[in-house]
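For reference, the chains in residue letters:
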Amino acid sequence: IEPTHDYATAAASALIAFLAVLAGAAAMRDSSLVGLIIVLAVATSVAAASSLRLASRARAAESLALRDALTGLPNRTLLDDRIDQALQRARRTADSFALMAIDLDGFKEVNDIRGHDAGDQVLESIARRLESVVRASDTVARVGGETYVFGRHFNSLLKNFGFWTSSDHAHDVGLLHDQEILAIE
């Protein structure tokens with residue numbers, strides 16, 4: 001559950017309780033109780049708003065720590081964690097995985113001739129193209145200025161039942177190459 005959902009639900013519950021007690025106090029015409037309820041309601045609202053801001057800042061800090069600032073792709077730190085998870089999964093299930101590094105040749109010239117804004121646009125475009133051709137379970141990370149890493153899991157059950165062969169792996173890589181790498185050139 002998203003932390004903001006918890007805080008939003010708590011704030012809504014507190015508001016409903018506040019209105020119910022306020023209505024009861026007003027019906028009893030007890031002004032001191034009404035004043036106390038108003039103070040508590042304001043304090044609860046301030047606490048809920050602070051919690052929402054804190055949760056939002058925590059998500060933003062986590063994103064900065066684990067994602068590339070330009071492309072939003074996982075960075076080296078998150079990639080290292082996903083590789084560790086893939087190794088653990090491979091040991092546990094006999095699945096396999098592959099990593100492919102993609103380094104852009106001649107990218108320095110893009111920055112030198114067209115400028116850094118154009119270079120940033122190229123890097124962002126490549127990130128979107130790579131994301132568009134991978135499965136949801138795959139990882140595309142930007143690990144350096146012009147270096148991306150693509151990671152893919154291969155399920156051993158599919159191989160054992162003959163649904164996945166080494167030619168399928170080659171076909172997948174060929175599709176990725178044909179559709180995206182050549183389009184980027």
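Residue indices begin from 1 for each chain and proceed along its sequence in written order. Two thresholds apply to this predicted model, a pLDDT of at least 70 for residue-level local features and 80 or more for giving and counting side-chain atom pairs, whereas whole-chain, interface and lining totals are computed over all residues. With hydrogens and water set aside, each side-chain value is computed from the structure's full complement of heavy atoms.

Caption draft 1: Spotlight on the side chain of Asp 138. You can see Asp 138 is positioned in the loop between helix H5 (116–133) and strand S2 (139–144). For every residue, the accessible area (1.4 Å probe, protein chains only) is compared with the maximum for its type, and the residue is labelled buried under 20%, exposed over 50%, or partly exposed between those bounds. Exposure remark for Asp 138: the relative accessible area of 8% places this residue in the buried category. Engagement of the side chain of Asp 138 in a polar contact is seen with the backbone nitrogen of Arg 135, the distance being 2.9 Å. Ignoring any residue separated from it by four or fewer positions in sequence, one finds Asp 138 in contact with Phe 150, Gly 151, Arg 152 and His 153. In this description a helix means any DSSP run of H or I spanning at least four residues, a strand means any run of E spanning at least two, and both kinds are numbered starting from the N terminus. Polar contact is defined as a pair of N or O atoms within 3.5 Å, subject to the rule that within protein one atom must be able to donate a hydrogen and the other to accept it, and that residues adjacent in sequence are counted only when both atoms are side-chain atoms. The contact criterion used is simple: two residues touch if any of their non-hydrogen atoms lie within 4.5 Å.

Caption draft 2: Main features of helix H3 (residues 76–93). The span you would expect from a helix comes to 1.5 Å times its residue count less one. Between its first and last C-alpha, H3 extends 25 Å over 18 residues, near the 26 Å set by a 1.5 Å rise per residue. Looking only at H3, the buried set comprises Leu 78, Leu 79 and Ala 86. The buried side chains of H3 occupy one side of the element, clustering within an arc of 95° when seen end-on. Of the residues in H3, the exposed ones pointing more than 90 degrees away from the buried face are Arg 91 and Arg 92. Taking the backbone nitrogen of Thr 77 as reference, a side-chain oxygen 3.0 Å away marks Asn 75 as the first, capping residue of H3. Looking at the residues trailing H3, positive phi occurs at Ala 94, about 65°. Arc definition: it is the arc formed by the directions from the helix axis to the C-beta atoms.

Caption draft 3: Spatial organisation of the nonpolar core. By nonpolar core is meant a set of buried Ala, Val, Leu, Ile, Met, Phe, Trp, Tyr and Cys residues that side-chain atoms within 4.5 Å join together. Counting residues in hydrophobic clusters, the biggest one holds 12 residues: Leu 73, Ile 102, Leu 104, Phe 107, Leu 123, Ile 126, Ala 127, Leu 130, Val 134, Val 140, Tyr 148 and Phe 150. Going through the elements one at a time, H5 and strand S3 (147–154) are the ones with two or more residues in this core. The leading source of residues in this core is H5, at four residues. Ala 127 has contacts with Thr 71, Leu 73 and Tyr 148, leaving out every residue within four places of it along the chain.

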